[in-house]
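Spelled out, the chains give:
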Amino acid sequence: MLLKGGQEYICSCFFKRNIFLKRYKMHVTFESQDQFQDQYRQLLRMKGCATEKQYKDVLEQITSEIERRRALHKLTADRTQRFKDTYIKLHPDIWILKEPFLDSRFFSIVADAQSKSLDNLLFSILDNSGNITDMCKLLIEEIENFESSPHAKTRPNTMNEYGVSLDEMGLSQGLILPLIQKYLLPICASLFPSWGGGTIDSFKAFSVKYEMGNDLQLATHYDNAEVTININLGDKYEGGNLQFGRIFGDEEEYEGKGEESYTCDHKKGHGILHCGRRMHSALPITQGMRTNLVIWMRSSTVRNTQCPMCLSHPSLHEVPAEGEGFTIQSPWSCSCT
Ligand SMILES: O=C(O)CCC(=O)C(=O)O
Ligand SMILES: [Fe+2]
């Protein structure tokens, strides 16, 4: 969702890149049968895709994923409108952001970010900010209520099968958008100036959910975001820590340092802010249910020159809903000097 509205775009690489093969825990690119065979047949064999039947299943899975992606944006636009017309809110009070939803310690971080530079930590943790403490329970209830409402929902991405899109649900406009505009923008600008933190102009908000019998963990990945905030909504689970590693594509930062990683214990109501391109995963839960609210924040200034998924100049494709934060700059917006 663009903070100031307007036409949404995705990069055409969405139709061929970053296809997640859950069974083999890998992301693949599919351009043609020949390219796929050359690039992945051997690797897939090593990961246990031994028989022709298993390989055929992989190809079928990819074909249906590409078809799903081609139909996705129209479907999402229709669903968003339908939920707008029919969804009965469980807690109407939480749909518009109010200051009491946020922890007072969070305001001082925002004030610090506005007045001086925050320390640029490895990945900065709003530790003890305790924001949204009372809100956590209400938010989980609202998300569960939405989840159990009639009509199909769009999953936030191919890796998370048990979350919902807050944008489709209708919760983003009044709650997430002002949270970003009023509070998160100065923090992102202060902490991630070189990653587009100062020019965030769109976002995608969704929940993720892990429980015994369903998804337990999330494989290592980086986000389609310049800056991500991940807010823990509940504490009734064991395990499930977040693990962070290197910045994808930043070999210089990493040279000679080996595969360092940092595991982070996430407390209820706390937000962890990290560079979208930092590799991360959610470790398996061993008990209970873990629900988090994730906001992928994007900067068109950064991504209009390089798509973070294909690392090329984006090839823009107009969509009726939920773009990826690319924009077409108006010819009138340049300044003459
Ligand atoms: O489970 C989590 O907290 C991580 C979620 C995440 O990284 C994502 O959805 O991009
Ligand atoms: Fe992520």
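Cut-offs used in this document
Residues numbered from 1 in each chain as written. Chains lettered and ligands numbered in written order. Predicted model: local features only at pLDDT ≥ 70, side-chain atom pairs only at ≥ 80, totals over all residues. Helix = DSSP H or I, 4+ residues; strand = E, 2+ residues; numbered from the N terminus. Buried ≥ 20, exposed ≤ 12 C-beta atoms within 10 Å, placed from the backbone. Contact = placed C-beta atoms within 7 Å. Core = buried A, V, L, I, M, F, W, Y, C linked by C-beta atoms within 7 Å. Expected span 1.5 Å × (residues − 1). Pairing = 2+ DSSP bridges. Axes fitted to C-alpha atoms, helices over the stretch in contact; angles between N-to-C directions. Near = placed C-beta within 6 Å. Nonpolar A, V, L, I, M, F, W, Y, C, P; charged D, E, K, R; others polar. Parallel < 35°, antiparallel > 145°, perpendicular 65-115°, else oblique. Left-handed = near helix turned anticlockwise from the far one by under 90°. pLDDT = per-residue confidence, 0-100.

(A) Spotlight on the overall build of the protein. Looking only at helices and strands, one finds eight helices and 13 strands in the protein. Burial statistics for the protein: of 337 residues in total, 34% are counted as buried. Here the analysis covers contacts within the protein between residues at least 6 apart in sequence; of these, 81% occur between residues at least 24 apart.

(B) Layout of the nonpolar core. Of all hydrophobic cores here, the largest spans 46 residues; its most connected members are I176, I180, C188, V227, I295 and M297. With 10 residues, helix 6 (residues 172-191) is the single largest residue contributor to this core. Counting seven residues, the second largest nonpolar core, distinct from the first, contains Y9, I10, M309 and F326.

(C) Focus on helix 1 (residues 33-46). When the terminal C-alpha atoms of helix 1 are compared, their 19 Å separation across 14 residues agrees well with the 20 Å that a helix rising 1.5 Å per residue should span. Those residues of helix 1 not exposed but buried are F36, Y40 and L44. Once helix 1 finishes, G48 follows within two positions and takes phi at roughly 105 degrees, a positive value.

(D) The pairing of strand 6 (residues 227-232), seen in detail. With six of six residues buried, strand 6 is to be regarded as a mostly interior element. With burial as the criterion, each face of strand 6 is covered, one bearing V227, I229 and I231 and the other bearing T228, N230 and N232. Inspection of the sheet shows strand 6 paired to strand 12 (residues 285-298) by six bridges, in the antiparallel sense. Within strand 12, the residue paired with N232 across the bridge is N292.

(E) A look at the sheet that holds strand 5 (residues 218-221). Ordered in space as 5-11-8-9, the four strands form an open sheet in which the pairing is antiparallel. On the outer flanks of this sheet lie strand 5 and strand 9 (262-264), each paired with one strand and no other. Direction aside, the axes of adjacent strands within the sheet are offset by 20 degrees on average. Examined bridge by bridge, strand 8 (residues 242-247) and strand 11 (residues 278-282) share four bridges and lie antiparallel to one another. Within the sheet, the bridge partner assigned to Q243 lies in strand 11 and is S281.

(F) Molecular detail of unusual backbone geometry. The phi dihedral of L311 falls on the positive side, at around 60 degrees, and the residue is not glycine. In this structure, L311 sits in the loop between helix 8 (300-303) and strand 13 (316-319). L311 gets classed as exposed once you count the C-beta atoms within 10 Å, which come to 11. A positive phi angle, close to 35 degrees, is found at E322, a residue other than glycine. Residue position: E322 is located in the segment after strand 13. Owing to 21 C-beta atoms within 10 Å, E322 belongs among the buried residues under this scheme.

(G) Local environment of the site of ligand 1. Ligand 1 sits among N160, V208, L218, D223, N230, L242, H280, A282, N292 and V294. Looking at the shell around ligand 1, the elements that each hand over two or more residues are strand 11 and strand 12. Of the residues in the shell around ligand 1, the class split is five nonpolar, four polar and one charged.

(H) Quick peek at the environment of V319. Within the fold, V319 resides in strand 13. Considering only alpha carbons, one finds V319 and N241, 78 residues apart in sequence, at a separation of 35 Å. Those residues in contact with V319, other than ones at most four positions away along the chain, are E8, Y9, I10 and H73.

(I) Just the environment of Q54, in detail. Here Q54 is to be found in helix 2 (residues 52-86). As for Q54 and L44, which are separated by 10 residues in sequence, their C-alpha atoms are 9.7 Å apart.

(J) Highlighting the packing of helix 3 (residues 104-115) against helix 6. Running from amino to carboxyl end, helix 3 crosses helix 6 at an angle of 50 degrees, the nearest separation of the two axes being 8 Å. Taken together, the axis directions place helix 3 and helix 6 in an arrangement best described as oblique. As for the relative orientation of helix 3 and helix 6, their crossing is left-handed in sense. Of the residues in helix 6, those in contact with I109, V110, A113 and Q114 of helix 3 are Y183, P186, I187 and S190. Taken together, the residues that form the contact of helix 3 with helix 6 break down as six nonpolar, two polar and no charged.

(K) How the structure looks around the confidence of the model for the protein. Scored by pLDDT, the protein has a mean of 88; 90% of the residues are at 70 or more. Predicted confidence for residues 120-133 stays below pLDDT 50, and this span has 39 contacts to residues more than four positions away or in other chains. For this predicted complex, the interface confidence score (ipTM) comes to 0.99, while the overall pTM stands at 0.89.

(L) Main features of the environment of Y9. One can find Y9 in strand 1 (residues 8-11). Exposure remark for Y9: the 22 C-beta atoms within 10 Å place this residue in the buried category. Placed 297 residues apart in sequence, Y9 and Q306 show a C-alpha to C-alpha distance of 14 Å. Excluding residues that lie within four positions of it along the chain, Y9 makes contacts with L316, H317, E318, V319, G323, F326 and T327.

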